Amino acid sequence: GQQLNQSPQSMFIQEGEDVSMNCTSSSIFNTWLWYKQDPGEGPVLLIALYKAGELTSNGRLTAQFGITRKDSFLNISASIPSDVGIYFCAGQPNTNAGKSTFGDGTTLTVKP
Amino acid sequence: EPEVTQTPSHQVTQMGQEVILRCVPISNHLYFYWYRQILGQKVEFLVSFYNNEISEKSEIFDDQFSVERPDGSNFTLKIRSTKLEDSAMYFCASTQTGLQETQYFGPGTRLLVL
């Protein structure tokens, strides 16, 4: 099946720092999604990307859909303590009814 | 804001027992999904469901699993004879159109098989 490689696996940063994480795939996706998951809860959608090259922002978050459609990155600017959590990328191919393949996740720790 | 709900939030069961996990998708959504997440691991696709039938299923979704939409609002996942390795969080999700669409996830059911 399709695999997503997400990196880094974990990050420890100081409050106020910027964060960048990315996902790559050997196959093409037509939708890229970025989710945040808090402990014991379901993933919550942060940003959805629908077109190659698309750059989308949601507050302090910015994500881009790679031109090759095989990668995406998520940036968080000026991190705050509540940014702590696990961030997952997910890709959706065109042929399936919304099935998402998830990356392994990036665990973010923000030190005040 | 409409949301996907799931019950129960936690379930503990003995190995070999049957469990039914329940989900109420967002009311105007037509595509429904189950995912699972073993503790500390990534979210894995189990099955998608549209028009009262399975659209796709993963290799995880073997004969022990089944899904059903018994009425106009509920979407259930049944595990016929639970195994220890079925212990995980199970997430239901739904979308309105399925394609090029975002999925809304429920809060999950934590299943523990002893």
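For the structure itself, consult the block above.
Cut-offs used in this document
Along each chain, numbering runs from 1 in the same order as the chain's sequence is written. For this description, chains carry letters from A and ligands carry numbers from 1, given in the order in which they are written. Only residues with pLDDT of at least 70 get local features here, since the model is predicted, and only at 80 or more are side-chain atom pairs given and counted; chain-wide, interface and lining totals rely on the full set of residues. Side-chain measures here rest on the full set of heavy atoms in the structure, leaving out hydrogens and waters. Helix and strand assignments follow DSSP, with helices taken as H or I runs no shorter than four residues and strands as E runs no shorter than two, numbered in order from the N terminus. By the convention used here, residues are in contact when the closest approach between their heavy atoms is within 4.5 Å. The criterion for an aromatic pair is that two Phe, Tyr or Trp rings (for Trp, the six-membered ring) have centres within 6.5 Å, with stacked assigned to planes under 30 degrees apart, edge-to-face to planes over 60 apart and tilted to the rest. The rule is simple: take the accessible area with a 1.4 Å probe, protein chains only, and divide by the maximum for that residue type; under 20% is buried, over 50% is exposed, in between is partly exposed. The buried area of a pairing is the accessible area, by a 1.4 Å probe, that goes missing from both parts when the two are put together, added over both. Here, a salt bridge means any side-chain nitrogen of Lys or Arg that lies within 4 Å of a carboxyl oxygen of Asp or Glu. In plain words, nonpolar cores are sets of buried Ala, Val, Leu, Ile, Met, Phe, Trp, Tyr and Cys residues tied together by side-chain atoms within 4.5 Å.

## Here we look at the environment of Ile67 of chain A
Consideration 1: On the secondary structure map, Ile67 of chain A appears in the loop between β7 (61-65) and β8 (71-76).
Consideration 2: Residues contacting Ile67 of chain A, with those up to four places away along its chain left out, are Ala52 and Gly53 of chain A.

## Focus: the packing of aromatic side chains
Consideration 1: One pass over the full model with this rule turns up 15 aromatic pairs over all chains.
Consideration 2: Centroid distance Phe29 of chain A to Trp32 of chain A: 5.3 Å. Interplanar angle 75°. Geometry classified as edge-to-face. The residues Phe29 of chain A and Trp32 of chain A share a single accessibility class, namely buried.
Consideration 3: Measuring from ring centre to ring centre gives 6.5 Å for Tyr33 of chain B and Tyr35 of chain B, while their planes differ by 35°; the resulting arrangement is tilted.

## Regarding unusual backbone geometry
Peptide bonds are, in most cases, trans, and in most cases residues other than glycine have a negative phi.
Consideration 1: Here the bond from Ser7 of chain A into Pro8 of chain A is cis, since omega is -5°, no more than 30 degrees from zero.
Consideration 2: Mapped onto the fold, Pro8 of chain A is located in the loop between β1 (4-7) and β2 (10-14).
Consideration 3: For the bond running from Thr7 of chain B to Pro8 of chain B, omega is -10°, close enough to zero to count as cis.
Consideration 4: Mapped onto the elements of the fold, Pro8 of chain B is located in the loop between β1 (5-7) and β2 (10-13).
Consideration 5: Phi is positive for Arg69 of chain A, which is not a glycine, with a value near 65°.

## Concerning the environment of Asp83 of chain A
Residues and elements named next belong to chain A.
Consideration 1: In this structure, Asp83 sits in the loop between β8 and β9 (85-92).
Consideration 2: Among the residues examined, Asp83 registers a relative accessible area of 6% and is labelled buried.
Consideration 3: Separated by 26 residues in the primary sequence, Asp83 and Thr109 place their C-alpha atoms 7.8 Å from one another.

## Overview of the environment of Lys42 of chain B
Consideration 1: Turning to its location among the elements, Lys42 of chain B is positioned in the loop between β4 (31-37) and β5 (44-50).
Consideration 2: Through-space distance from the C-alpha of Lys42 of chain B to that of Ser27 of chain B is 28 Å; in sequence the pair is 15 residues apart.
Consideration 3: Ignoring any residue separated from it by four or fewer positions in sequence, one finds Lys42 of chain B in contact with Gln3, Phe88, Phe102, Gly103 and Asp104 of chain A together with Arg36 and Gln37 of chain B.

## Topic: the interface of chain A and chain B
Consideration 1: At the junction of the two partners, chain A supplies 24 residues and chain B supplies 21 residues.
Consideration 2: Buried surface at the junction of chain A and chain B, summed over both partners, amounts to about 1800 Å²; 51% is from carbon and sulfur atoms.
Consideration 3: The interface formed by chain A and chain B holds one salt bridge in total.
Consideration 4: Here Lys42 of chain B makes a salt bridge to Asp104 of chain A, at a shortest N to O gap of 3.6 Å.

## A few points about the nonpolar core
Consideration 1: Trp34, Leu46, Phe61, Val67, Phe75, Leu77 and Tyr90 of chain B are the most contacted members of the largest nonpolar core, which has 22 residues in total.
Consideration 2: Going through the elements one at a time, β3 (19-24), β4, β5, β7 (65-68), β8 (75-79), β9 (88-95) and β11 (109-113) of chain B are the ones with two or more residues in this core.
Consideration 3: Beyond its immediate sequence surroundings of up to four residues, Phe75 of chain B is in contact with Leu21, Arg22, Cys23, Pro25, Phe32, Tyr33, Trp34, Phe49, Val67, Glu68 and Cys92 of chain B.
Consideration 4: Met21, Leu46, Ile47 and Leu74 of chain A belong to the second largest nonpolar core, which has 21 residues in total.

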